[in-house]
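Report on the structure
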Amino acid sequence: MDKEYDYVILGTGLKECILSGLLSVSGRKVLHMDRNDFYGGESASMHPLDKLFEKFDDPEGTKDSFGNGRDWNVDLVPKFLMADGGLVKLLVHTGVTRYMQFKQIEGSFVYYRGGTIYKVPADDKEALMSGLMGIFEKRRFRAFLVFVLNYSFDDPTTWDGMDPKTSTMEDVYSKFGLGKDTQDFTGHAIALYLDDEYMTQPCEEPLRRIKLYYDSLSRYGKSPYLYPLYGLGELPQGFARLSAVYGGIYMLNKPVDEIVMENGTVCGVKSEGEVVKTKAVIGDPSYFPERVTKVGQVVRCICILSNPIPNTQDSSSCQLIIPQNQVNRKSDIYVCSMSHTNSVTAKDYYLAIVSTTVETSDPLAELQPGLQLLGTIQKKFLWVSDQFEPQDDVKDSKVFISKSYDATTHFETVCEDIMNMYEQITGEKFDPSSISLADVDVES
């Protein structure tokens with residue numbers, strides 16, 4: 001092993017593996033280490049099913065009653081890819097798509113009006129048919145949707161008085177007279193915001209998010225989401241292969257004894273008595289407990305079902321969002337479901353994962369609005385994870401730390417963190433929006 005690298009990366013979570021791939025492709029010399037003997041870190045996929053039971057200290061559980069254990073690939077932090085979103089563009093740009101195959105998620109739904117599940121309207125015509133809204137609200141929403149989809153940020157003649165830099169999303173909603181419930185499913189199930197803070201900020205970003213949703217939807221139909229066959233564990237391994245092609249070195253089951261600093265700046269990493277010199281260190285929060293701040297918790301419940309989620313049109317895979325205001329919370333509740341059609345369960349079984357940001361001392365109770373929508377649950381695994389963010393100025397320390405994964409079931413916040421880190425690390429802006437999308441191998 002060489003003694004000096006441009007970057008030493010700690011942990012093989014998805015964010016770290018993507019950064020490893022991007023840096024290796026750009027000609028940097030990268031060493032990637034993980035204390036675990038598997039890829040993925042906190043965002044790993046459990047395979048076979050035995051691993052899931054062992055993870056949750058249930059080694060003697062009734063795993064044998066769920067078919068062939070080797071058919072299961074269970075994500076600990078499940079997320080879907082927007083078909084026109086940042087992560088897909090990164091996959092295309094780096095060529096990682098050649099290592100993977102995807103399947104479209106069948107439906108996108110929203111919880112509304114005290115417990116009813118509705119399909120998110122796929123276009124302006126479907127909006128007019130949706131049970132989400134009354135007849136007059138449907139017309140207002142259709143006019144709003146046509147406005148957004150025709151909106152060009154470079155052409156003021158399309159703005160109709162809504163300046164992207166100075167008008168707020170509240171102004172836009174008000175212009176079209178949209179009711180509070182319509183604002184809820186638009187902001188949370190389409191623009192995918194975690195809370196309502198976006199309402200008082202400039203409307204440019206919310207409008208871009210809504211356009212992204214519908215651009216993604218138009219790419220393959222049915223829903224805007226894609227998901228890799230065999231689970232998300234394929235993603236970090238794909239980027240690891242990419243890094244290796246360009247000279248990156250990976251070492252699993254490699255403990256980290258010390259981050260070596262000199263005058264406040266990192267200069268090396270010590271492992272098993274050996275010091276590797278480096279110009280910078282990148283890693284997930286678990287490697288830097290003294291350099292991160294706890295900012296909250298996320299609760300997730302992994303559920304094994306023998307049926308698709310009721311009232312989702314028998315979808316073998318779907319996303320369901322429960323907007324915060326519909327259940328008197330500060331944070332949305334997310335539900336995602338997959339099945340053997342995604343190569344993550346045995347035949348005739350389904351996975352559903354319910355997640356949210358913890359707000360009380362009873363996290364399980366906070367998930368109940370989502371859990372009660374699933375029908376009969378055969379087995380469930382509950383876990384609460386702390387959320388961390390870096391606390392110091394990386395310009396001096398050259399220690400770059402990713403944020404913990406949030407409760408969302410999509411990758412847009414993950415991509416935002418990756419792009420911010422890449423710019424901090426290299427001083428170069430990487431803009432995935434400029435990448436042209438080629439066809440991705442999507443199974444029909």
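Please refer to the structure placed before this passage.
Okay, so let's go over this structure. (Residues numbered from 1 in each chain as written. Predicted model: local features only at pLDDT ≥ 70, side-chain atom pairs only at ≥ 80, totals over all residues. Heavy atoms only, no water.)

**Details of the sheet that holds strand 6 (residues 102-104)**
Across a sheet, paired strands are connected by hydrogen bonds in the backbone, their directions being either parallel or antiparallel. The strand order across the open sheet built from four strands is 5-9-6-20, with neighbouring strands paired in mixed fashion. The strands lining the two open edges of the sheet, one partner per strand, are strand 5 (81-82) and strand 20 (442-443). When strand 6 meets strand 9 (residues 225-228), the two strands line up antiparallel, connected through three bridges. Bridge pairing links F102 to P228 in strand 9. (Pairing = 2+ DSSP bridges. Helix = DSSP H or I, 4+ residues; strand = E, 2+ residues; numbered from the N terminus.)

**Side note on the sheet that holds strand 7 (residues 107-112)**
Taken together, the seven strands give an open sheet; going across it, the order is 8-7-15-16-17-14-18, and neighbouring strands pair in mixed fashion. In the strand order of this sheet, the two ends are held by strand 8 (116-119) and strand 18 (377-390), each with one partner. Shown here is a sheet whose adjacent strand axes are inclined to one another by a mean of 20°, direction ignored. Looking at chain direction, strand 16 (residues 333-339) and strand 17 (residues 350-357) are connected through seven bridges and run antiparallel. Paired with S339 across the two strands is Y350, which belongs to strand 17. Each of strand 7 and strand 15 (318-322) is contacted by helix 7 (residues 180-190), which is oriented at about 140° to strand 7, the strand it contacts most. (Axes fitted to C-alpha atoms, helices over the stretch in contact; angles between N-to-C directions. Contact = heavy atoms within 4.5 Å.)

**Looking at helix 5 (residues 135-150)**
Counted at 1.5 Å a residue, the expected span for helix 5 with its 16 residues is 22 Å, and the 23 Å between its end C-alpha atoms agrees. All of the buried residues in helix 5 are E137, K138, F141, F144, L145, F147 and V148. (Expected span 1.5 Å × (residues − 1). Buried < 20%, exposed > 50% of the residue type's maximum accessible area, 1.4 Å probe, protein only.)

**Some details on helix 7**
In terms of burial, helix 7 is largely enclosed, as nine of its 11 residues are buried. Taken together, the buried positions of helix 7 are T182, Q183, D184, F185, T186, G187, H188, A189 and I190. Considering only its buried residues, helix 7 is in contact with strand 7, helix 5, helix 6 (169-176), helix 8 (204-220), strand 9 and strand 15. Two residues or fewer past helix 7, L192 is found with a positive phi of approximately 65°.

**With respect to unusual backbone geometry**
Residue P48 is bonded to the preceding H47 through a cis peptide linkage, with omega at -5°. Even without being a glycine, D160 presents a positive backbone phi close to 50°. Within the secondary structure, D160 is located in the loop between helix 5 and helix 6. When its relative accessible area of 48% is taken as the criterion, D160 is described as partly exposed. Positive phi, close to 55°, is recorded for N253, a residue that is not glycine. Among the structural elements, N253 can be located in the loop between strand 10 (249-251) and strand 11 (258-262).

**As for the nonpolar core**
In this structure, L87, F141, F144 and I302 are the most contacted members of the largest nonpolar core, which totals 110 residues. Here the element with the most residues in this core is helix 13 (residues 412-426); it accounts for seven residues. In this view, F141 contacts P121, A127, M133, L178, T182, F185, T186, I190 and Y214; residues no more than four positions away in its chain are not counted. Counting 22 residues, the second largest nonpolar core, distinct from the first, contains F109, V299, L305 and I333. (Core = buried A, V, L, I, M, F, W, Y, C linked by side-chain atoms within 4.5 Å.)

**Some remarks on the packing of helix 1 (residues 14-25) against helix 3 (residues 86-94)**
Across the interface, helix 1 lies against helix 3 with an axial gap of 11 Å and an inter-helix angle of 35°. Crossing of helix 1 over helix 3 shows left-handed handedness. Contacts between helix 1 and helix 3 involve L14, I18 and L22 from the first element and L87, L90 and T94 from the second. Class assignment of the residues belonging to the contact of helix 1 with helix 3 gives a composition of five nonpolar, one polar and no charged. (Left-handed = near helix turned anticlockwise from the far one by under 90°. Nonpolar A, V, L, I, M, F, W, Y, C, P; charged D, E, K, R; others polar.)

**Comments concerning the pattern of salt bridges**
Counted by the stated rule, this structure contains 19 salt bridges. Linking K15 and D417 is a salt bridge whose minimum nitrogen-to-oxygen distance equals 2.8 Å. A residue pair is termed long-range when its members are at least 10 positions apart, and K15 in helix 1 and D417 in helix 13 qualify at 402 residues. On the basis of relative accessible area, K15 is assigned to the buried category, the value being 2%. Overall, D417 belongs to the buried group, its relative accessible area being 8%. (Salt bridge = Lys/Arg side-chain N within 4 Å of Asp/Glu carboxyl O.)

**Here we look at the packing of aromatic side chains**
For the coordinates displayed, the defined rule picks out 22 aromatic pairs. Here F66 and W72 contribute two aromatic rings whose centre-to-centre distance is 6.5 Å and whose plane-to-plane angle is 70°, an arrangement assigned as edge-to-face. Residue classification places W72 among the buried positions, given a relative accessible area of 0%. A ring pair is formed by F147 and F176, whose centres lie 5.2 Å apart and whose planes are at 45°; its orientation type is tilted. Of this pair, F147 sits in helix 5 while F176 sits in helix 6, placing them 29 residues apart in sequence. Like F147, the residue F176 is buried in the burial classification. Joined through ring pairs, the aromatic side chains of Y112, Y118, F141, F144, F147, Y151, F153, W159, Y173, F176 and F185 make up one cluster. Directly above the aromatic system of Y287 lies the positively charged group of R35, at a separation of 3.7 Å from the ring centroid. The side chain of R208 reaches across the aromatic face of F153, ending 3.9 Å from its centre. (Phe/Tyr/Trp six-rings, centres within 6.5 Å; stacked < 30°, edge-to-face > 60°. Lys NZ or Arg CZ within 6 Å of the ring centre and 35° of its normal.)

Note that all results are geometric; they support no functional claim without further evidence.
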